[in-house]
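Read off the chains here:
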Amino acid sequence: MTVDNKDKQAQLQDILRDAHLDTLAVRAGQVRGPEGEHCEPIYTTSSYVFDSARSAADRFSGDEPGNVYSRYTNPTVNIFEQRIAALEGAERGVATASGMAAILSTFMALLQAGDHVVCSRSVFGTTTTLLNKYLSKFGVAVTFVAPTDYQAWESAITPQTRALFLETPSNPLSEIVDIQRIGDLARRNDSLLIVDNCFCTPALQKPLQLGADIVVHSATKYLDGQGRCVGGVAVGSAAHMDEVLGFLRSCGPTMSPFNAWVFLKGLETLRLRMEAHSASALQLAHWLEQQEQVEQVFYSGLASHPQHELARRQQTAFGGVLSFRVRGGREQAWQLIDATRLLSITANLGDAKSTIVHPATTTHGRLSEEERAEAGITQNLVRISVGLEAIEDIEADISRGLSALS
Ligand SMILES: *Cc1c(COP(=O)(O)O)cnc(C)c1O
């Protein structure tokens, strides 16, 4: 008996519903077309042709499923959305032009004037700016809290609170927030919990399983993993994602099909890369702790980390980003950075290439001295995103930096 291609595809979709993360990362979302292409095709088309005027009308009204215009949906982008939703265990995903566009679109779609957000103080700097400078213009208020001060989260909630927002592990000090605990708090207060899962990716942490309602990503980081494209994605329930897609349709921060294709290729190696990044970062953290020019190392994989046990429960590994304080101040931190040759001096992270940066004068440079002190971003702090080079060569490069200290 011959099985027709449509039946096989339907059977494959059934199998994928129960498949493991590694399988989903390679297969989810793709429906092979009549050409039998093996790799996902890139649909570089802005619009779509309808069979008839009736069909055009039905597509526009939503009565007939299908593509209308690539600001709204595109088949390549759609594969990426389905794949990341499958990996996070979400009903739906919506891809966006950048990580910031994912965060903006989520807030714009689900909040309105008069609403209040409680946000961890240790989130990506531009997220703070988005809330403080732009959403405030439209009547959305925000309170920032220390991420691991659960009393502060609870006290910050008002009758207007609609969303709690956090990032864990935090950047650059690797603070770990108990997602389940904040998820319970959100539910008790009729609020949404939104988690930026950029640093762990679903390969290491699944916030929706721990009670988050929505996960957002900068796909620019580990989802791509090779520093090629800027993009983002939000995942959650179909109802929430319908709202986010509605915002995209009207306001336009859409992901390009080429970028979606690059991210699809990135996802295929996601778990392998995250495990390699994590293994090297853990080894580097132990090594740094033994260097006499190093005062303190911040990495949740170290037993010395205050939330080490929580990180072990919540994540399957500790990720690729760590930071440390050198003995001295800004001068010593800069000397170390300038003496490295292999590591790239850049604020980007989640790349196959290791990167090194001085947070106090770059990523956290816009904070006041007082805000930096409160957040623990001292002048002698250095952050490393551990790449996929041999760990011996990474250590040798940092040794070069440490020997240069005066
Ligand atoms: C980079 C980053 C963002 C913003 O993503 P873009 O793709 O640069 O817009 C948001 N959150 C975290 C944690 C990030 O590291």
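Visitor: What is the right way to read the pairing of strand β4 (residues 161-167) from this model?
Guide: Working note: regular strand, side chains alternate between the two faces of the sheet. Most of β4 sits inside the fold, with 6 of its 7 residues counted as buried. Examined bridge by bridge, strand β2 (residues 116-120) and β4 share 4 bridges and lie parallel to one another. Counterpart to Cys-119 in the pairing with β4 is Phe-165. Bridging between β4 and strand β5 (residues 192-196) involves 5 bridges; their strand directions are parallel. Note on β5: the bridge partner recorded for Ala-163 is Leu-192. For the handedness criterion, the β-α-β arrangement of β4, helix α8 (residues 179-188) and β5 is classed as right-handed.

Visitor: Looking at this model, I keep getting lost on the side chain of Asp-178. Mind explaining?
Guide: Note that Asp-178 resides in the loop between β4 and α8. Discounting chain neighbours no more than four positions away, the residues touching Asp-178 are Tyr-150, Leu-310, Arg-313 and Gln-314.

Visitor: How do you make sense of the packing of aromatic side chains when you look at a structure like this?
Guide: Aromatic ring pairs: the centre-centre distance and the angle between the two ring planes describe each pair. Evaluation of the coordinates by the stated rule reveals 5 aromatic pairs. A centroid spacing of 6.2 Å and a plane angle of 70° characterise the contact between Phe-50 and Phe-60, whose relative ring orientation is edge-to-face. Pair noted here: Phe-50 is in the loop between α2 (21-27) and α3 (53-61) and Phe-60 is in helix α3, with a separation of 10 residues, a long-range link. Since its relative accessible area comes to 21%, Phe-50 is described here as partly exposed. Relative to Phe-318, the ring of Tyr-299 has its centre 6.3 Å away and its plane inclined at 70°; by these criteria the two rings are edge-to-face. One end of the pair, Tyr-299, is in the loop between β8 (294-298) and α13 (308-314); the other, Phe-318, is in the loop between α13 and β9 (321-326), with 19 residues separating them in the sequence. Across this residue pair, the class does not change: Tyr-299 and Phe-318 are buried. Taking the ring centre of Tyr-150 as reference, the NZ or CZ of Arg-181 above it sits at 4.1 Å. We note Arg-249 situated over the ring of Tyr-72; from NZ or CZ to the ring centre the distance is 3.8 Å.

The rules behind each value
Residues numbered from 1 in each chain as written. Predicted model: local features only at pLDDT ≥ 70, side-chain atom pairs only at ≥ 80, totals over all residues. Heavy atoms only, no water. Buried < 20%, exposed > 50% of the residue type's maximum accessible area, 1.4 Å probe, protein only. Helix = DSSP H or I, 4+ residues; strand = E, 2+ residues; numbered from the N terminus. Pairing = 2+ DSSP bridges. Right-handed = clockwise from strand over helix to strand, strands pointing away. Contact = heavy atoms within 4.5 Å. Phe/Tyr/Trp six-rings, centres within 6.5 Å; stacked < 30°, edge-to-face > 60°. Lys NZ or Arg CZ within 6 Å of the ring centre and 35° of its normal.

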